[in-house]
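The residues making up each chain are set out below.
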Amino acid sequence: MIPCGYHCYYYRQEEMLRHSLEEYETIGTRGQQVKETEERLFELYKDPALCYKPEELSKRGVRTIAMLLVSASIPFIMIKKRIW
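Residues numbered from 1 in each chain as written. Predicted model: local features only at pLDDT ≥ 70, side-chain atom pairs only at ≥ 80, totals over all residues. Heavy atoms only, no water.

Draft legend 1. Expanded view of the overall build of the protein. The helix and strand inventory of the protein stands at 5 helices and 0 strands. Ordering the α and β elements of the protein from the N terminus gives α-α-α-α-α. Within the protein, buried positions represent 12% of all 84 residues. Carbon and sulfur atoms provide 60% of the accessible area of the protein, an area that totals close to 7,600 Å². (Helix = DSSP H or I, 4+ residues; strand = E, 2+ residues; numbered from the N terminus. Buried < 20%, exposed > 50% of the residue type's maximum accessible area, 1.4 Å probe, protein only. Areas by Shrake-Rupley, 256 points an atom, 1.4 Å probe, with all protein chains shown as cover.)

Here you go:
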């Protein structure tokens, strides 16, 4: 078992290289994938009624805990706006 995902690039160099080249040839580079995901997210965020975690966030690597922290801070932000 490898404790950190990034250790795969050190301990399984050939396997990770094969995987990266396969992804490059089929779905593009990581940068291209992130750009496409970000574009879809910006389209979703145009809707002010959006009240769910978009599936695209999981593809970006955003963890549920990050979403919980953002959700928890929204009431504080709203209170702060009213006070100031």
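Structure's up, so let's keep going.
Draft legend 2. Structural view of the layout of surface pockets. Taken as a whole, the largest pocket encloses approximately 330 Å³ of empty space. Lining the largest pocket are 14 residues; nearest its centre among them are Tyr9, His19, Ser20, Glu23 and Arg30. Where the lining of the largest pocket is concerned, the elements lending two or more residues are helix 2 (13–26) and helix 3 (30–45). Ranked by residue count, the leading element in the lining of the largest pocket is helix 2, at 5 residues. Tallied by class, residues from the lining of the largest pocket come to 6 nonpolar, 6 polar and 2 charged. (1 Å grid on protein atoms, 1.4 Å probe; cavity = no way out; pocket = protein on both sides within 12 Å on 5 of 7 lines; lining within 4 Å. Points joined across faces, edges and corners; volume = space filled by probe spheres on them. Nonpolar A, V, L, I, M, F, W, Y, C, P; charged D, E, K, R; others polar.)

Draft legend 3. Representation of the packing of aromatic side chains. Summed over the entire model, instances satisfying the criterion amount to 1 aromatic pair. On the basis of an interplanar angle of 90 degrees and a centroid distance of 4.9 Å, the ring pair of Tyr10 and Tyr11 is categorised as edge-to-face. Given a relative accessible area of 59%, Tyr10 falls into the exposed group. (Phe/Tyr/Trp six-rings, centres within 6.5 Å; stacked < 30°, edge-to-face > 60°.)

Draft legend 4. Inspection of the environment of Thr26 at higher detail. Along the chain, the position of Thr26 falls in helix 2. Within the local environment of Thr26, its side chain forms a polar contact with the backbone oxygen of Glu22, the two atoms lying 2.8 Å apart. (Polar contact = N/O pair within 3.5 Å; in protein donor to acceptor, adjacent residues only side chain to side chain.)

Draft legend 5. Structural detail: helix 2. If you check helix 2, its first and last C-alpha atoms are 20 Å apart, about what 14 residues at 1.5 Å a residue would give, namely 20 Å. Within helix 2, only 1 of the 14 residues are buried, which leaves it mostly out in the open. Phi turns positive one or two residues past the end of helix 2, at Gly28, with a value near 95 degrees. (Expected span 1.5 Å × (residues − 1).)

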